[in-house]
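Tertiary structure, described
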Number of protein chains: 2
Amino acid sequence: MVERVTIALDAMGGDAGPSVVVPAALAFSARHPNLKLLLVGKRETIQSHFHTDTKLEIIDASEIVGMDEIPGDALRKKKDSSLRVCVNLVKEGRADACVSAGNTGALMATARFVLKTLPGIDRPAIMAIVPTIEDHAHMLDLGANSDCNAKNLFQFAIMGSVVASEVENISSPRVGLLNIGEEDIKGNDTIREAANLLSNSSLNYIGFIEGDSISKQKADVIVADGFSGNVALKTMEGTANLLINYLKDAFRSNFYSRVVGALAAPVFNSLSEQVDPRVYNGAVLVGLNGIVVKSHGGADQLAFERAIQTAMVEVEKSVPKKIHQFLLEMEQ
Amino acid sequence: MVERVTIALDAMGGDAGPSVVVPAALAFSARHPNLKLLLVGKRETIQSHFHTDTKLEIIDASEIVGMDEIPGDALRKKKDSSLRVCVNLVKEGRADACVSAGNTGALMATARFVLKTLPGIDRPAIMAIVPTIEDHAHMLDLGANSDCNAKNLFQFAIMGSVVASEVENISSPRVGLLNIGEEDIKGNDTIREAANLLSNSSLNYIGFIEGDSISKQKADVIVADGFSGNVALKTMEGTANLLINYLKDAFRSNFYSRVVGALAAPVFNSLSEQVDPRVYNGAVLVGLNGIVVKSHGGADQLAFERAIQTAMVEVEKSVPKKIHQFLLEMEQ
């Protein structure tokens, strides 16, 4: 007997708010009858986006956190924001997870304040999947912690390993540390100390990974401080866009290239899923007493559905509980 | 009257040593009769790669620094290495610049020890060009300094601005700081302090740049600590390789795609220069009392020629002298 899963969605979050979240919720719930979605935000605004009868439940929230609002301000001053109410629903057990495309800093600050970190975890991290030559890898931290010590990195590795193990069904995921060289002497004191902690742990630590190896599938989990992890993730995005632009220009440069470009359209379309960043949408705020998923602020319907999917998998695999259990076992 | 330029080449450096460096030197000097190239290394080995009479001069050096050798060891123990002799030639004024595809750490340690940094510069940095949507940008540090303070970043910005100004003939290059967000509050204390120093300087500081904007040509100079700069550079390389692989696979997937792929060959070839990493070869160790260029260890002939080209431009533009002058003017 499968228990029903409930996920709260921040209907007001992101660049497009309910005009993306509501259609995504309708489409996703149509495919998953066992899932209950709660739409959190301004009731009338949300209802104006329903074009058919629906059983989706609306939870009122009178305020909206702006995309550029300072996280501390949002936390202190907007206690009835759609973002805050979403996280509260998880805290109260009325939702198994929540998804927001809102302000990342505010979501992290709110989630940390309301849900607290798991025992044994000092700082939550942002974790997502990145495309690789074979399939994908899990990477963290992607920007929550711009300064990290060795212990933080070690805890990220533990969390990443548990997530990859649960979500991908890998018994002992390979964990790599993002560094500026593969040799033991490379990098700074923090990263070498983290390498030392990992080498002496039960994790399947495989060593340092350089930026050009992220996509080579050498590791299932790539651990970085939030600064270099964020730089790597966004540089991937920028480089992919640059190459796609070069490609488009090349196929527009003369009559011959335009004809070949038209013939090649089906081939390029077959490529689209592999290079489509929407497919990778849905970052998990990992290390909390609850499941919180961050969607890209500019997500469209397909991308937002992926973020809901990510939350659903986290719930089904009871990820926070598994991380807690793993930490307890390590202490013994 | 143009003065003759002399450049010393580490003939033994890189994965391929003289089998790449000698042909590159022959080809490059054939196109630049005013340039004098000195080939540094084991005389007999170098001579065995000459297939025609040549006027290229050989300078003896009996030792070779290994690619994985610890920089400090190479510096102390291999005083007659081809790498060391190259740098010595610059110090002695017998060469205007040197180029090596050898061990980066050893080259930096040797160059810093022999040539010293310019007055007002605490640490040299590795600087190179990266492809952008319009053309390219200059980026530093790419891995020499894995920990940087705000003053280091500020000095990198000064050096980068002078180089971009001289090499690209831009009167006031736009300088951006690599960060994990564009808002003032983003990042860590170091980067915010560097931003503050830059805002109060005469440089054309435009603010924070995120990883996905490196390729958008928002800035002519992108300043980063050596850790995140190296991560960004290598992630670009890895992502480009990943996409090229996806593309190749897509054009091999069935009969139709193979036919279209064959028709598209000229279009892909026209793309090759834009995405060819060899075109961007030749990183400058900037901030030294002399010109030292690092070629990629795996450079082929074309790539190594680009590194010689980079050195030649640095000499013609008297970059170290211009940085020194700029620093003197700032002090006034």
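Residues numbered from 1 in each chain as written. Chains lettered and ligands numbered in written order. Predicted model: local features only at pLDDT ≥ 70, side-chain atom pairs only at ≥ 80, totals over all residues. Heavy atoms only, no water.

**Observations regarding the overall build of chain A**
- Assigned secondary structure in chain A consists of 12 helices and 11 strands.
- For chain A, the C-alpha radius of gyration of 21 Å lies close to 20 Å, the compact-globule estimate for 332 residues.
- Seen along its three principal axes, the alpha-carbon backbone of chain A occupies a region of about 65 × 60 × 45 Å.
- Burial statistics for chain A: of 332 residues in total, 57% are counted as buried.
- Here the contacts in chain A between residues at least 6 apart in sequence split such that 69% fall between residues at least 24 apart.
- For chain A, the computed accessible surface area is about 14,000 Å², with 49% contributed by carbon and sulfur atoms.
- For chain A, the distance from the average position of its 32 positive side-chain charges to the average position of its 40 negative side-chain charges is 4 Å. (Helix = DSSP H or I, 4+ residues; strand = E, 2+ residues; numbered from the N terminus. Rg over C-alpha atoms; globule rule 2.2 N^0.38 Å. Buried < 20%, exposed > 50% of the residue type's maximum accessible area, 1.4 Å probe, protein only. Contact = heavy atoms within 4.5 Å. Areas by Shrake-Rupley, 256 points an atom, 1.4 Å probe, with all protein chains shown as cover. Lys, Arg positive; Asp, Glu negative; His and termini not counted. Charge placed at Lys NZ, Arg CZ, Asp CG, Glu CD.)

**Things to note about the pattern of salt bridges**
- Under the definition given, this model contains 34 salt bridges over all chains.
- For glutamate 210 of chain B, the salt bridge goes to lysine 234 of chain A, with nearest N and O atoms at 2.1 Å. Here glutamate 210 of chain B, found in the loop between β8 (204-209) and β9 (221-223), pairs with lysine 234 of chain A, found in helix α8 (residues 226-250), and the two come from separate chains. Neither residue differs from the other here; glutamate 210 of chain B and lysine 234 of chain A are each classed as buried.
- Measuring nitrogen to oxygen at the nearest pair gives 3.9 Å for the salt bridge that ties aspartate 212 of chain B to lysine 216 of chain B.
- In this structure aspartate 212 of chain B comes out as buried when scored by relative accessible area, which is 15%.
- Put simply, Asp73, Arg76 and Lys77 of chain A are held in one network by salt bridges that share partners. (Salt bridge = Lys/Arg side-chain N within 4 Å of Asp/Glu carboxyl O.)

**Brief notes about the side chain of asparagine 179 of chain B**
- With respect to the helices, strands and loops of the structure, asparagine 179 of chain B is situated in the loop between β7 (174-178) and α7 (189-199).
- A distance of 3.1 Å separates a polar side-chain atom of asparagine 179 of chain B from the backbone oxygen of lysine 186 of chain B.
- In this view, asparagine 179 of chain B contacts Phe227 of chain A together with Lys186, Gly187, Ile191, Phe208, Ile209, Glu210 and Gly211 of chain B; residues no more than four positions away in its chain are not counted. (Polar contact = N/O pair within 3.5 Å; in protein donor to acceptor, adjacent residues only side chain to side chain.)

**Notes on helix α9 (residues 255-263) of chain A**
Residues and elements named next belong to chain A.
- For α9, every residue scored as buried is listed here: Ser257, Val260 and Gly261. Seen along its axis, α9 keeps its buried residues to an arc of 105°; they face one direction. Structural note: α9 exposes Phe255 and Ala262 on the side pointing more than 90 degrees away from its buried face.
- Where α9 begins, one side-chain oxygen reaches toward the backbone nitrogen of tyrosine 256, 3.1 Å away; that side chain belongs to asparagine 254. (Arc of directions from axis to C-beta.)

**Considering the pairing of strand β10 (residues 283-286) of chain A**
All names here are of chain A.
- Neither face of β10 is exposed, since Ala283 and Leu285 on one face and Val284 and Val286 on the opposite face are all buried.
- Looking at chain direction, strand β5 (residues 125-131) and β10 are connected through three bridges and run antiparallel. Along β10, the bridge assignment pairs alanine 125 with valine 286.
- Where β10 meets strand β11 (residues 291-294), two bridges bridge the pair, whose relative direction is antiparallel. Bridging from a neighbouring strand, valine 284 pairs with valine 293 of β11.
- Connecting β10 to the antiparallel partner β11 that follows it, the hairpin turn spans four residues, and glycine 287 within it adopts a positive phi of roughly 105°. (Pairing = 2+ DSSP bridges.)

**What about the environment of methionine 312 of chain B?**
- Positionally, methionine 312 of chain B belongs in helix α11 (residues 301-316).
- Aside from chain neighbours lying at most four places away, what touches methionine 312 of chain B is Ile7, Phe28, His32 and Leu35 of chain B.

**A few points about the state of the cysteines**
- Tallying each qualifying case throughout the model produces zero disulfides over all chains.
- Not engaged in a disulfide, the cysteine cysteine 148 of chain B finds its nearest cysteine sulfur in cysteine 148 of chain A; these two sulfurs lie 17 Å apart.
- Overall, cysteine 148 of chain B belongs to the buried group, its relative accessible area being 16%. (Disulfide = S-S within 2.5 Å.)

**A word on the sheet that holds strand β1 (residues 5-10) of chain B**
Residues and elements named next belong to chain B.
- What the 11 strands build is an open sheet, ordered β3-β2-β1-β4-β11-β10-β5-β6-β9-β7-β8; its pairing is mixed. With partners counted over all chains shown, the strands left at the sheet margins are β3 (57-60) and β8, one partner each. Across this sheet, the average inter-strand angle for adjacent strands is 30°, counted without regard to direction.
- Lying over the sheet, helix α8 (residues 226-250) contacts β5 (125-131), β6 (136-140) and β7, oriented at roughly 140° with respect to β6. (Axes fitted to C-alpha atoms, helices over the stretch in contact; angles between N-to-C directions.)

**Remarks on the packing of helix α4 (residues 82-91) of chain B against helix α5 (residues 104-115) of chain B**
Residue and element names in this part refer to chain B.
- In the contact formed by α4 and α5, the axes pass within 10 Å of each other and the chain directions differ by 30°. Taken together, the axes of α4 and α5 lie roughly parallel to each other. Crossing angle aside, the handedness with which α4 passes α5 is right-handed. In contact with Leu83, Arg84, Val87, Asn88, Val90 and Lys91 of α4, α5 contributes Ala106, Leu107, Thr110, Ala111, Phe113, Val114 and Leu115.
- Its residues placed into classes, the contact of α4 with α5 shows nine nonpolar, two polar and two charged. (Parallel < 35°, antiparallel > 145°, perpendicular 65-115°, else oblique. Left-handed = near helix turned anticlockwise from the far one by under 90°. Nonpolar A, V, L, I, M, F, W, Y, C, P; charged D, E, K, R; others polar.)

**Some remarks on the confidence of the model for chain A**
- For chain A, the mean per-residue pLDDT works out to 92, and 98% of the residues sit at or above 70.
- For this predicted complex, the interface score ipTM comes out at 0.89, while the overall pTM is 0.91. (pLDDT = per-residue confidence, 0-100.)

**Details of the relation of the copies chain B and chain A**
- Expressed as a screw operation, the relation of chain B to chain A combines 0.0 Å of axial shift with a rotation of 180°, fitting to an RMSD of 0.0 Å. Taken together, the rotation and translation describe the operation of a two-fold axis.
- The fraction of interface residues of chain B whose copies in chain A are also interface residues reaches 100%, indicating that both copies meet through the same surface. (Least-squares fit on C-alpha atoms with pLDDT ≥ 70 in both.)

**Topic: the interface of chain B and chain A**
- Every contact between the two is made by 55 residues of chain B and, on the other side, 55 residues of chain A.
- Summed over both sides, the interface between chain B and chain A buries roughly 4,600 Å², with carbon and sulfur atoms accounting for 72% of that surface.
- When the buried area of chain B at its contact with chain A is split by residue, Ile180, Phe227 and Tyr246 of chain B rank highest and sum to 15% of it.
- Between chain B and chain A we count two salt bridges in total.
- One can count 14 residue pairs in polar contact (both at pLDDT 80 or more) joining chain B with chain A.
- For the side of chain B that touches chain A, the secondary structure elements donating two or more residues are α8, α9 (255-263) and α10 (265-275) of chain B.
- Sorting elements by how many residues they give to the side of chain B that touches chain A places α8 of chain B first, with 19 residues.
- Here the residues of the side of chain B that touches chain A are counted per class, giving 29 nonpolar, 18 polar and eight charged. (Buried area = accessible area lost by both parts, 1.4 Å probe.)

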